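Analysis of the macromolecular model
One-letter residues, chain by chain:
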2 protein chains.
Amino acid sequence: MHTGCEHEHTATISKADLVKQLLALLPADCVLFEAEDLNPYECDGLSAYRQLPWVTVLPNSVEQVQAVMRLCHQYQLPVVARGAGTGLSGGALPHPNGVLLSLAKLKSILSVDTLGRTARVQPGVRNLAISQAVAAHGLYYAPDPSSQIACTIGGNVAENSGGVHCLKYGLTIHNILQVKLVDVTGELLVIGSEAFDSAGYDLLALITGSEGMLGVIVEVTVRLLPMPEQAQVVLAAFNDVEKAAAAVGDIIAAGIIPAGLEMMDKLAINAAEDYAHAGYPRDAEAILLCELDGMRADVVDQITRVQLILSQGGATEVRLAADDTARALLWKGRKAAFPAVGRLSPDYYCMDGTIPRRHLPLVLRRIAELSQQYGLAVANVFHAGDGNLHPLILYDANKPGELEQVEAFGGKILEFCVEVGGSITGEHGVGMEKINQMCVQFDALALTQFHAIKHAFDPQGLLNPGKAVPTLHRCAEFGAMHIHHGKTPFPELERF
Amino acid sequence: MHTGCEHEHTATISKADLVKQLLALLPADCVLFEAEDLNPYECDGLSAYRQLPWVTVLPNSVEQVQAVMRLCHQYQLPVVARGAGTGLSGGALPHPNGVLLSLAKLKSILSVDTLGRTARVQPGVRNLAISQAVAAHGLYYAPDPSSQIACTIGGNVAENSGGVHCLKYGLTIHNILQVKLVDVTGELLVIGSEAFDSAGYDLLALITGSEGMLGVIVEVTVRLLPMPEQAQVVLAAFNDVEKAAAAVGDIIAAGIIPAGLEMMDKLAINAAEDYAHAGYPRDAEAILLCELDGMRADVVDQITRVQLILSQGGATEVRLAADDTARALLWKGRKAAFPAVGRLSPDYYCMDGTIPRRHLPLVLRRIAELSQQYGLAVANVFHAGDGNLHPLILYDANKPGELEQVEAFGGKILEFCVEVGGSITGEHGVGMEKINQMCVQFDALALTQFHAIKHAFDPQGLLNPGKAVPTLHRCAEFGAMHIHHGKTPFPELERF
């Protein structure tokens, strides 16, 4: 078990006094301070990191968020904001001497503009609840992380979440227009506008994906899209993982932008099949699920081309879902893949690296080699069209030393992603989990610039301390591992 | 005539010594210091603002840019970077005691990756030159400002430029992957990655559109797109500007995303027709040009739907360009509209506000009212699909007081854009021109946050001083004109 904090904040107020002052600002049921009440907040989706907060608050209004922030600023207390706690990188891990600020009670959809196709929502609104609320108008909110039934829009903005459909529809940043942010002093900032571009520096993009380090998101204006007239999905089976990876490139190279283009390898296929009975071919080394959506004529035309490309790419089977029921069943297996893989071993560790799509075959081969080397099985279930990998490393946390092995293995995967020109995170954020790999991805100059940005919003470092951006000191301890662009020891890469 | 600078920098070195030191770093033909050599750099496309720089340098390499920046930093000299000087907001206006840093000699296309569909280019490469260089591979670079034959990619990044096709293909930020930036101290930062998302704060978005305030762009990796299989354009004529504006909303509401959706009013139509003989209907109050591109089947289907929507929206004529020659002719008129309007009066002033698309009819009516009130004619030629207005105010700079009237009129238009939830700039930047309107768009808190960001990159304020973000002092002098969101005196807006 790890605990998170590099920045040690010494308390400037006793816990009893803090609770008393918070109770003057918030109703009694909005302030939690007993260990039993704090337990649900000790970790997020990355359960390897646990820490009880000092106090948890659950404000009912933006004004209460501001009041809490003013109080914390007055006493220089760390604040960690939390949405639904579904994050996978430990970004919402509490601070032992800090306030855990849950946005769970701010869960209203404030307004829907069906003509302008936008919705103003509070941060605690669940991702899927937005689409459900506007479905009657033929609209939906496009980003769809696999946790979309539970995760909240505030957390989505903080992590710049993606999902199965972000190949075509983009990440969270591409689907929001405006954010209201409470800054570290309790002031309310309105960032972005309803127009397609804003004057001034692009603070909206800066805030999005900033993992709670720059402010607390208290309102989001999202873009809504019209539901596509038609959607169809094709399943293709391959007897070779690298052939499947190459077919991904072929589809994109043909100028087709699928709504989703997902890949699963044999281990994942069989786990999902045991769990969801989706009708996947169990003997395949890999399958691709390729969804096309849009106007009917266009989908029909493109799906025919995709089927041809997949066959020419060596697929042993190409299967078009006959109707919406068959389509839902094919997706059911994919969506259940994580928990399904979870049944194969006591624990698994989900990585999240991105690479330029053309390197997919190379990177999958490297992961297989590392899997052999570490003696740890890996299931691959991922957003192939984006080059966003999700290797799931299977292990047993009760075996001494195995978690450390897994972390070392995962680190190697991420470092290879950087090596081929990619990134250590696609959509899960850095949080606690990948903070060492940030030293691999970025040199001291870039990290210094990140710290300068942080300082511009939060000079005392009170917001989510110790997350997302490592200190230079930490990187020095981790080792001088920065890999410079273009200087790779891998000859396969030289032609790029 | 205006001069730009609020920040007065006192020279810490004589001009003769500076020239001598620059000549030690750069070849002799790369350092200009005589008035006759400096003249071409006294303004950009906004010729109302003029100022000779102290010295102009034209480095041949990134290393030379770094050497110049180190020298300027050592002597705390202001630096203004300049691309092709086609900017329309005075962003490249020189500083009287500063170095004008032209990137014109860095004009190589460094590499093209046809598989990954990217190109690495130097900042002085012309926008159109990128598309020309990759045309043989069936690829192109999508953002197409009307100055694309001359403007450079470095300037495009600095201004986050758009163009006719950004409705479908996005602004510059949506079409770049990586930027190399020389910071104020001369260090080289690599920002972004080839993968679809990056770890850390989104510095790429922050740099894009930052108008030379945060660093000097010395390399850009752009995304390339496959040329669409087919493109078709429809012209629709209306006897009422507001009907044309409403039809814009109808097209988008039907779920169609045109590649371009442009509007011209009667004054612009006739000016363009005189100039380009595009065959526009001279008696129309407004025309729309709607281009669809993509797969052939899709374009055919959508163009039929667009024609129907336009007819139902009250168009008096709907005309489909029969072939590519006819299509090019229709666009020729639109592309020539600015110079064509320029022949109607001694001078014109081009505004650049954006509004939520649904407010187009209201805002056009308001512009017409203001035109009456100020007694100054306005031609409207603009990106209607984006809600990006370009009112061209006609005037005569030789008439005493007329420029001041034009500026007041233009200011009123921009303030009304903010009023309806829009922005004071779409694609031309703030520069010198709109610096007062920044005080209308943003409150003191937001401006303070902008200054903190600036400080994180350029603590001494040496990069492009006095542009883009006004001091709070300047805003106080301009008057307490901030219009708060949602508190509008216009009852027409209350339902939104």
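Placed above this text is the structure.
Predicted model only: the values in this text are computed from it and were never measured.

Parameters and conventions
Residues numbered from 1 in each chain as written. Chains lettered and ligands numbered in written order. Predicted model: local features only at pLDDT ≥ 70, side-chain atom pairs only at ≥ 80, totals over all residues. Heavy atoms only, no water. Phe/Tyr/Trp six-rings, centres within 6.5 Å; stacked < 30°, edge-to-face > 60°. Helix = DSSP H or I, 4+ residues; strand = E, 2+ residues; numbered from the N terminus. Buried < 20%, exposed > 50% of the residue type's maximum accessible area, 1.4 Å probe, protein only. Lys NZ or Arg CZ within 6 Å of the ring centre and 35° of its normal. Contact = heavy atoms within 4.5 Å. Buried area = accessible area lost by both parts, 1.4 Å probe. Salt bridge = Lys/Arg side-chain N within 4 Å of Asp/Glu carboxyl O. Polar contact = N/O pair within 3.5 Å; in protein donor to acceptor, adjacent residues only side chain to side chain. 1 Å grid on protein atoms, 1.4 Å probe; cavity = no way out; pocket = protein on both sides within 12 Å on 5 of 7 lines; lining within 4 Å. Points joined across faces, edges and corners; volume = space filled by probe spheres on them. Nonpolar A, V, L, I, M, F, W, Y, C, P; charged D, E, K, R; others polar. Core = buried A, V, L, I, M, F, W, Y, C linked by side-chain atoms within 4.5 Å. Least-squares fit on C-alpha atoms with pLDDT ≥ 70 in both. Pairing = 2+ DSSP bridges. Axes fitted to C-alpha atoms, helices over the stretch in contact; angles between N-to-C directions. Disulfide = S-S within 2.5 Å.

Turning our eyes to something else, we now look at the packing of aromatic side chains. For the structure on display, the rule yields 10 aromatic pairs over all chains. Ring geometry for Tyr-140 of chain A and Tyr-169 of chain A: centres 6.4 Å apart, planes at 85 degrees, overall edge-to-face. Here the residue Tyr-140 of chain A occupies a position in strand β7 (residues 139-140), and Tyr-169 of chain A occupies one in helix α6 (residues 166-169), the gap between them amounting to 29 residues. Residue Tyr-140 of chain A is classed as buried on the basis of its relative accessible area of 16%. Seen from their ring centres, Phe-450 of chain A and Tyr-201 of chain B are 5.7 Å apart, and the 85 degrees between their planes marks the pair as edge-to-face. Taken together, the residues Phe-450 of chain A in helix α16 (residues 444-457) and Tyr-201 of chain B in the loop between β9 (188-192) and α7 (203-207) connect one chain to another. In terms of burial, Phe-450 of chain A and Tyr-201 of chain B fall into one category: buried. Joined through ring pairs, the aromatic side chains of Tyr-201 of chain A together with Phe-442 and Phe-450 of chain B make up one cluster. Over the face of the ring belonging to Phe-416 of chain A we find Arg-366 of chain A, whose NZ or CZ atom lies 5.6 Å from the ring centre.

On to the interface of chain B and chain A, then. Counting residues at the interface gives 68 residues for chain B and 68 residues for chain A. Counting each side, the surface lost to burial between chain B and chain A is near 5,400 Å², with a carbon and sulfur contribution of 65%. The largest share of the area that chain B buries against chain A comes from Phe-196, Tyr-201 and Met-295 of chain B, three residues that together contribute 16% of it. Our count for the contact surface shared by chain B and chain A stands at 2 salt bridges. With a shortest N-O distance of 3.2 Å, Asp-113 of chain B and Arg-358 of chain A are connected by a salt bridge. Our count for the contact surface shared by chain B and chain A stands at 10 residue pairs in polar contact (both at pLDDT 80 or more). At the level of elements, β9, α7, α8 (241-253), α10 (296-312), α15 (435-441) and α16 (444-457) of chain B are the ones that each hand at least two residues to the side of chain B that touches chain A. Element by element, the count of residues in the side of chain B that touches chain A is highest for α16 of chain B, at 9 residues.

What follows deals with the side chain of Gln-148 of chain A. Residue and element names in this part refer to chain A. Structurally, Gln-148 is set in the loop between β7 and α5 (153-159). Among the polar contacts made by the side chain of Gln-148, one reaches the side chain of Asn-127 at a distance of 3.1 Å. Ignoring anything within four residues of it in the chain, the contact list for Gln-148 reads Asn-127, Leu-128 and Pro-143.

Here we come to unusual backbone geometry. Outside of glycine, negative phi angles account for most residues, and trans bonds account for most peptide bonds. Residue and element names in this part refer to chain A. In this model, His-277 sits at a positive phi of 50 degrees, which is unusual for a non-glycine residue. The topology assignment puts His-277 in the loop between α9 (266-276) and β14 (286-294). Judged by its relative accessible area of 55%, His-277 is exposed.

A few words now on empty space enclosed by the protein. Scanning the model with the defined rule gives 2 cavities of 30 Å³ or more in all. If you add up the space inside the largest cavity, you get close to 50 Å³. Contributing to the lining of the largest cavity are Gly-200 and Tyr-201 of chain A together with Gly-209, Ser-210, Glu-211, Met-213, Val-430, Ala-468 and Val-469 of chain B. Residues of the lining of the largest cavity, tallied by class, amount to 5 nonpolar, 3 polar and 1 charged. Roughly 30 Å³ of internal volume is contained in the second largest cavity. In this structure, the second largest cavity is lined by Gly-209, Ser-210, Glu-211, Ala-468 and Val-469 of chain A together with Gly-200 and Tyr-201 of chain B. In terms of residue class, the lining of the second largest cavity is built from 3 nonpolar, 3 polar and 1 charged.

Counting 205 residues, the largest nonpolar core has Leu-310 of chain A together with Leu-310 of chain B as its most contacted members. When neighbours within four sequence positions are excluded, Leu-310 of chain B is seen to be in contact with Val-234, Ala-236, Phe-238, Ala-247, Ile-251, Leu-288, Ala-315 and Val-318 of chain B.

A few words now on the relation of the copies chain B and chain A. Laying chain B over chain A is done by rotating through 180 degrees and shifting 0.0 Å along the axis; what remains is an RMSD of 0.0 Å. Accordingly, the operation relating the two chain copies is best matched by a two-fold axis. When C-alpha distances to the rotation axis are compared across chain B, the minimum falls at Asp-298 of chain B, with a value of 2.6 Å.

Let us now look at the sheet that holds strand β18 (residues 378-382) of chain B. Residues and elements named next belong to chain B. Read across the open sheet, the 7 strands follow the order β15-β12-β14-β13-β18-β20-β16; overall the sheet is antiparallel. Edge positions in the sheet fall to β15 (317-320) and β16 (347-350), since each of these pairs with one other strand and no more. Looking at each pair of strands side by side, their axes are set apart by 20 degrees on average, direction ignored. Relative to strand β14 (residues 286-294), strand β13 (residues 260-265) runs antiparallel, the two being bridged by 6 bridges. Within the sheet, the bridge partner assigned to Met-263 lies in β14 and is Leu-288. Packed onto the sheet, α10 meets β12 (230-238), β14 and β15 and runs at close to 5 degrees relative to β12. Across the sheet, helix α13 (residues 360-374) is in contact with β13, β18 and β20 (391-395); its angle to β18 comes to roughly 155 degrees.

What follows covers the environment of Gln-302 of chain A. Position of Gln-302 of chain A among the secondary structure elements: in helix α10 (residues 296-312). For Gln-302 of chain A, a relative accessible area of 9% translates into the label buried. For the pair Gln-302 of chain A and Leu-292 of chain A, spaced 10 residues apart in sequence, the C-alpha separation works out to 7.4 Å. Not counting chain neighbours up to four residues away, the residues in contact with Gln-302 of chain A comprise Ile-256 and Leu-292 of chain A together with Met-295 of chain B.

Looking at the secondary structure, you find Glu-477 of chain A in helix α17 (residues 472-478). The sequence separation of Glu-477 of chain A and Ser-14 of chain A amounts to 463 residues, and the corresponding C-alpha distance is 33 Å.

All names here are of chain A. Inspection of the entire model under this criterion finds 2 disulfides over all chains. Across a sulfur-sulfur distance of 2.1 Å, Cys-439 and Cys-475 are joined as a disulfide pair. Taking the sign of the S-S torsion, -80 degrees for the link of Cys-439 and Cys-475, the bridge is left-handed. Here Cys-439, found in helix α15 (residues 438-441), pairs with Cys-475, found in helix α17; they are 36 residues apart in sequence, far enough to count as distant. With relative accessibility at 4%, the residue Cys-439 sits in the buried group. In this structure Cys-475 comes out as buried when scored by relative accessible area, which is 10%. Cys-290 forms no disulfide, and the closest cysteine sulfur to it belongs to Cys-166, at a distance of 14 Å.

A few words on the pattern of salt bridges. Under the definition given, this model contains 36 salt bridges over all chains. One salt bridge in this structure joins Glu-291 of chain A and Arg-327 of chain A, with 3.1 Å as the shortest N-O distance. In this pair, Glu-291 of chain A sits in strand β14 while Arg-327 of chain A sits in helix α11 (residues 324-335), placing the two residues 36 residues apart along the sequence. Accessibility expressed as a relative area gives 4% for Glu-291 of chain A, which makes it buried. One salt bridge in this structure joins Asp-274 of chain B and Arg-282 of chain B, with 2.8 Å as the shortest N-O distance. According to the relative accessible area criterion, Asp-274 of chain B is partly exposed, its value standing at 38%. Members of the salt-bridge network, linked through shared partners, are Arg-120, Lys-180 and Glu-219 of chain A.

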